[in-house]
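Secondary and tertiary structure notes
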Amino acid sequence: MTDDNLYRPYSLDTSLSRCSCGQHASEEEHASQAAAARAARATDVETLSCDFVEAAAVRALFPQDATRRKLIKAIGSRALMAAVASVLPLASLQAQALEKKGSLEKKNLKIGFIPINCATPLIMADPMGMYREQGLEVTLSKTAGWALVRDQMINGELDASHFLAPMPLAISAGLGAAPQPMRVAMIQNINGQAITLALRHKDNRDPRQWKGFKFAIPFEYSMHNFLLRYYLAEHGIDPDRDVQLRVTPPAEMIANLRAGNIDGFLGPDPFNQRAVYDQIGFIHLLTKDIWNGHPCCAFGTTQAFIDRNPNTFAALYRAILNASAMAHKAENRPAIARAISTPGYLNQPETVVLQALSGRYADGLGNVRNEPERADFDAMPWYSMATWMLTQMKRWGYIKEDMNYQALAEKVFLLTDARRQMKALGMPVPAAASSGYPSFSIMGKTFDPAHAQAYLNSFAIKRG
């Protein structure tokens with residue numbers, strides 16, 4: 001909240017009981033003078049709607065202008081803003097006011113998730129009441145593996161789900177199955193993965209010496225697969241010819257590492273940290289050191305669900321965006337780890353979950369490291385992220401034909417919706433969101449989405 005509000009509910013110089021803004025003797029006078037102010041304050045109805053809701057809320061709390069003014073004199077306008085925010089879910093009220101069609105079409109929802117840290121916003125929204133705040137009754141369905149998530153979404157057994165970010169692109173493109181139009185509403189997490197090796201390899205840290213290694217990855221259409229392939233190829237290792245990559249559900253990676261069936265894995269937390277906790281592995285590299293800020297998992301649903309339930313989808317969107325914003329703040333991570341580590345959710349030791357979320361962790365080599373950027377939560381589904389994933393699908397032969405990367409990225413990733421919902425909830429929207437195509441650096445090499453094919457052609461090791 002700021003005191004830019006057109007109706008100035010925190011100002012000593014206004015009244016909230018005469019015209020709609022309180023600054024004029026009549027509504028006619030208000031209408032004539034407010035036109036210029038509207039042009040400066042906002043050029044669309046959404047901003048005006050949010051301002052009106054805030055002013056109405058303050059007036060409801062303080063019906064008498066004299067009382068409100070007296071309080072502002074005593075504690076100041078900023079303190080009053082904070083006090084109002086502490087007792088009213090103002091952002092949610094403002095967002096609800098923007099909905100054009102009114103009531104929720106469907107209140108009881110079944111949402112799938114894999115029990116990993118990447119799903120933190122989607123999971124925490126349940127015990128922390130964020131779904132209920134939006135009028136939703138959500139049942140979280142713990143799912144064993146990504147192929148099952150895909151099948152349950154296609155078959156309509158789930159209303160929405162936690163996805164690996166590349167999965168909706170692959171499903172929409174018909175890779176491996178008939179195409180089904182999926183949509184990525186938001187990115188669940190950035191960073192938060194690692195390359196973990198068995199302890200027997202603690203003296204073999206040079207990837208160029210890893211020929212013959214067996215690695216586990218959670219799914220073919222995963223950032224884990226693409227980042228591991230990228231990392232190996234940059235060190236001269238062909239991921240299809242020099243090593244074995246085995247698709248393994250995250251929960252089974254630990255058992256396979258312990259049994260000696262694999263040499264390591266690039267997988268999600270908390271399983272990297274669990275390998276250290278169980279004294280069977282060490283963290284070789286955090287994926288942020290491959291691409292700092294890379295996406296991993298996403299929240300999404302089918303286009304059919306959005307078409308049938310636009311208000312429900314918007315409410316669900318708000319709940320998880322609010323959770324993502326809370327998870328982004330480091331000071332909230334201990335409480336979040338406590339909430340999501342329980343048997344119904346991650347079923348992991350709280351200290352394991354917290355070490356991975358906070359970035360203060362034991363690395364399995366006798367060191368305690370402090371890397372706050374190990375995991376973070378940034379909801380923006382950038383088109384350029386989707387474009388990069390598609391170049392890697394093409395690079396490694398998953399996409400056989402030429403395709404318009406940007407057209408599919410803009411169809412599947414709902415950046416416009418994210419921008420609108422974030423704005424309605426008072427969240428900062430990066431300037432780059434106007435286009436959706438920022439560049440990124442992966443292992444020191446710039447990916448410019450405007451030249452995706454040239455980027456793809458520049459690699460020495462590739463299939464497509």
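Scope of this entry: the structure provided in the associated data block. Every chain is numbered independently, its residues counted from 1 as its sequence is written. Note on the predicted model: pLDDT of at least 70 is required for a residue's local features to be given, and 80 or more for side-chain atom pairs to be given and counted; whole-chain, interface and lining totals, by contrast, use all residues. Side-chain metrics in this entry use all non-hydrogen atoms of the structure; hydrogen atoms and water are not considered.

Let us now look at the packing of helix α17 (residues 383–395) against helix α18 (residues 405–412). Axis definition: a line fitted to C-alpha atoms, over the contacting stretch in the case of helices. Angles run 0 to 180 degrees between N-to-C directions. Helix numbering and strand numbering both begin at the N terminus, where a helix is a DSSP run of H or I of at least 4 residues and a strand a DSSP run of E of at least 2. Remark: α17 packs on α18, axes separated minimally by 9 Å, with the N-to-C direction vectors making an angle of 130 degrees. One finds that α17 runs oblique with respect to α18. Judged by the sense of rotation from one axis to the other, the crossing of α17 with α18 is right-handed. Of the residues in α18, those touching α17 at Tyr383, Ala386, Thr387, Leu390, Thr391 and Lys394 are Tyr405, Gln406, Leu408, Ala409 and Glu410. Classification convention: Asp, Glu, Lys, Arg as charged; Ala, Val, Leu, Ile, Met, Phe, Trp, Tyr, Cys, Pro as nonpolar; all other residues, Gly among them, as polar. By residue class, the composition of the contact of α17 with α18 is six nonpolar, three polar and two charged. Geometric relationships in this document are graded by angle, where less than 35 degrees denotes roughly parallel, more than 145 denotes roughly antiparallel, 65 to 115 denotes roughly perpendicular, and other angles denote oblique. Handedness of a crossing follows from how the near helix is turned relative to the far one, being left-handed for an anticlockwise turn of less than a right angle and right-handed for a clockwise one. Every residue pair with non-hydrogen atoms within 4.5 Å of one another is taken to be in contact.

Once that is clear, we can look at the sheet that holds strand β7 (residues 214–217). Strand order in this open sheet of five strands is β8-β7-β9-β6-β10, and the pairing throughout is mixed. Two strands close off the open sheet at either side, each with one partner strand: β8 (244–247) and β10 (281–286). Taken pair by pair, the neighbouring strands of this sheet meet at an average axis angle of 25 degrees, ignoring direction. Following DSSP output, two strands are said to pair if at least two bridges run between them. Bridge count between strand β6 (residues 193–198) and β10: five bridges; the pairing is antiparallel.

Another aspect to go through is the side chain of Arg333. One can find Arg333 in helix α15 (residues 333–340). Judged by relative accessible area, Arg333 falls into the buried class, the value being 4%. Any pair of nitrogen or oxygen atoms within 3.5 Å is treated as a polar contact; in protein, a donor-acceptor pairing is required on top of that, and neighbouring residues in sequence qualify only through side-chain atoms on both sides. A polar atom in the side chain of Arg333 sits 2.6 Å from the backbone oxygen of Ala327. When residues no more than four places from it in sequence are discounted, the contact partners of Arg333 are Ala327, His328, Leu354, Leu357, Ala375, Asp376 and Phe377. Here the term buried applies to any residue with accessible area under 20% of the maximum for its type, exposed to any over 50%, and partly exposed to those in between, with areas from a 1.4 Å probe on protein chains only.

We now examine the sheet that holds strand β1 (residues 108–113). Strands pair in a sheet through their backbones, by hydrogen bonds, and they do so in one of two ways: parallel or antiparallel. With mixed pairing, five strands are arranged side by side in an open sheet as β2-β1-β3-β11-β4. Of all the strands in the sheet, the pair left with one neighbour each is β2 (137–142) and β4 (182–187). Across the sheet, the axes of successive neighbouring strands diverge by a mean angle of 30 degrees, strand direction being ignored. The pairing of β4 with strand β11 (residues 297–302) spans five bridges and is classified as antiparallel. Bridge pairing links Ile187 to Ala298 in β11.

Using a grid of 1 Å spacing that covers the protein atoms alone, one calls a set of points a cavity when a 1.4 Å probe fits there but cannot get out, and a pocket when the set is open and has protein on both sides within 12 Å along at least five of seven lines; lining residues are those with an atom within 4 Å of a point. Grid points are joined across faces, edges and corners, and a volume is the space filled by probe spheres set on the points. Within the structure shown, the criterion is met by two cavities of 30 Å³ or more. Size it by volume and the largest cavity reaches roughly 80 Å³. Lining the largest cavity, in full, are Arg150, Ile154, Met167, Ala170, Ile171, Gly174, Leu175, Gly176, Ala177, Ala178, Phe219 and Tyr221. For the lining of the largest cavity, the elements supplying multiple residues, two or more each, are α8 (146–154) and α9 (167–173). Top element by residues in the lining of the largest cavity is α9. It accounts for three residues. For the second largest cavity, the calculated volume is near 60 Å³. Looking at the second largest cavity, the residues that line it are Asn117, Cys118, Asn189, Ile190, Asn191, Gly192, Gln193, Asp269, Ala356, Leu357, Ala375 and Phe377. Elements with a minimum of two residues in the lining of the second largest cavity: β5 (190–191) and α16 (350–358). In the lining of the second largest cavity, the residues fall into six nonpolar, five polar and one charged.

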